[in-house]
Amino acid sequence: NDILFAWDNADEIEWDKLPNQFVLKCNHGCNYNILCPDKSKLDEKETKKKLNKWMKEDFSLFNAEPHYGKIPHKIICEKFLGGNITNYNIYCFNGKVTFISVAGGLGDGIGEWLTYYNPDGSKADFKNGLYPTSNEPISEHLIEMEAIAEELAKPFPMVRVDIFDVDGKFILSELTFTPGGGLIPFEPISADAKLGDKVNPLLVSVRS
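Residues numbered from 1 in each chain as written. Predicted model: local features only at pLDDT ≥ 70, side-chain atom pairs only at ≥ 80, totals over all residues. Heavy atoms only, no water.

Participant: Sorry, what's going on with the overall build of the protein chain here?
Facilitator: Each helix and strand counted, the protein chain has 4 helices and 11 strands in total. Structurally, the protein chain occupies a C-alpha span of about 50 × 35 × 30 Å along its principal axes. Looking at the protein chain residue by residue over its 208 residues, the buried ones come to 38%. Relative to all contacts within the protein chain whose residues are 6 or more apart in sequence, the contacts with residues 24 or more apart total 54%. For the protein chain, the accessible area works out to roughly 12000 Å², and carbon and sulfur atoms hold 54% of it. (Helix = DSSP H or I, 4+ residues; strand = E, 2+ residues; numbered from the N terminus. Buried < 20%, exposed > 50% of the residue type's maximum accessible area, 1.4 Å probe, protein only. Contact = heavy atoms within 4.5 Å. Areas by Shrake-Rupley, 256 points an atom, 1.4 Å probe, with all protein chains shown as cover.)

Participant: Just checking my understanding: could you explain a nonpolar patch on the surface for this structure?
Facilitator: Taken together, Ile-148, Leu-152, Leu-172, Leu-175 and Phe-177 make up a surface patch of nonpolar side chains, about 370 Å² in accessible area. Of all the secondary-structure elements, those providing two or more residues to the nonpolar patch are helix 2 (142–153) and strand 10 (169–176). Note on placement: Leu-152 falls in helix 2. (Patch = residues over 30% accessible without salt bridge, like charges linked within 9 Å, V, L, I, M, F, W, Y side chains within 5 Å. Salt bridge = Lys/Arg side-chain N within 4 Å of Asp/Glu carboxyl O.)

Participant: In this structure, what is going on with the pairing of strand 3 (residues 33–36)? I would like to understand it.
Facilitator: Of the two faces of strand 3, only one is covered, namely that formed by Ile-34 and Cys-36; the face formed by Asn-33 and Leu-35 stays uncovered. Looking at chain direction, strand 2 (residues 22–26) and strand 3 are connected through 4 bridges and run antiparallel. Along strand 3, the bridge assignment pairs Leu-24 with Ile-34. (Pairing = 2+ DSSP bridges.)

Participant: What am I meant to see in the environment of Cys-36 here?
Facilitator: The residue Cys-36 is located in strand 3 in this model. In the structure, Cys-36 is positioned 28 residues away from Asp-8 in sequence and 20 Å away in space, judged by C-alpha atoms. Apart from residues no more than four positions distant in its own chain, Cys-36 is found in contact with Asn-20, Gln-21, Phe-22, Leu-42 and Phe-80.

Here you go:
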């Protein structure tokens, strides 16, 4: 996505220079996001307060993800995507797509769902224990997204490539190396070890 601005703290933000629609994010953790579809309705004082609070947090203390503690903290402003957005989380092991996570309604507390799929688009035989699954059809562009994911995943033993499908246009969200802090409650629990066994320990040793 287009990055419009970046700052070291919220006091640097020049609000009058921001477009009417934008997204604010902190780069050193998870769920540090503020979506602004209409700047005229944004409470700038509360937004600054929230951003500065996040900027002081050490996300590495929340989960088993110590690498977050080494990231120089930044606030970034991204283009507001709008449209019909679906987030495809494509899990790649040793450079190959192993399974895909598709979610809807996350964060709104209403109608949340998360479904795992096999690379061929069929439903996987395991689930995330925190969410119900859905029968939503998977994107007709799945093969194209998987090709993008595998190209980006080549250097890594394991990575989740997150891609937004915005009305048929693909936009890279991020590369995620420790999804859920490594604590996703897979059901059945046997899926956890089955997936972990797919990581080549020799590649991990060489690249760490």
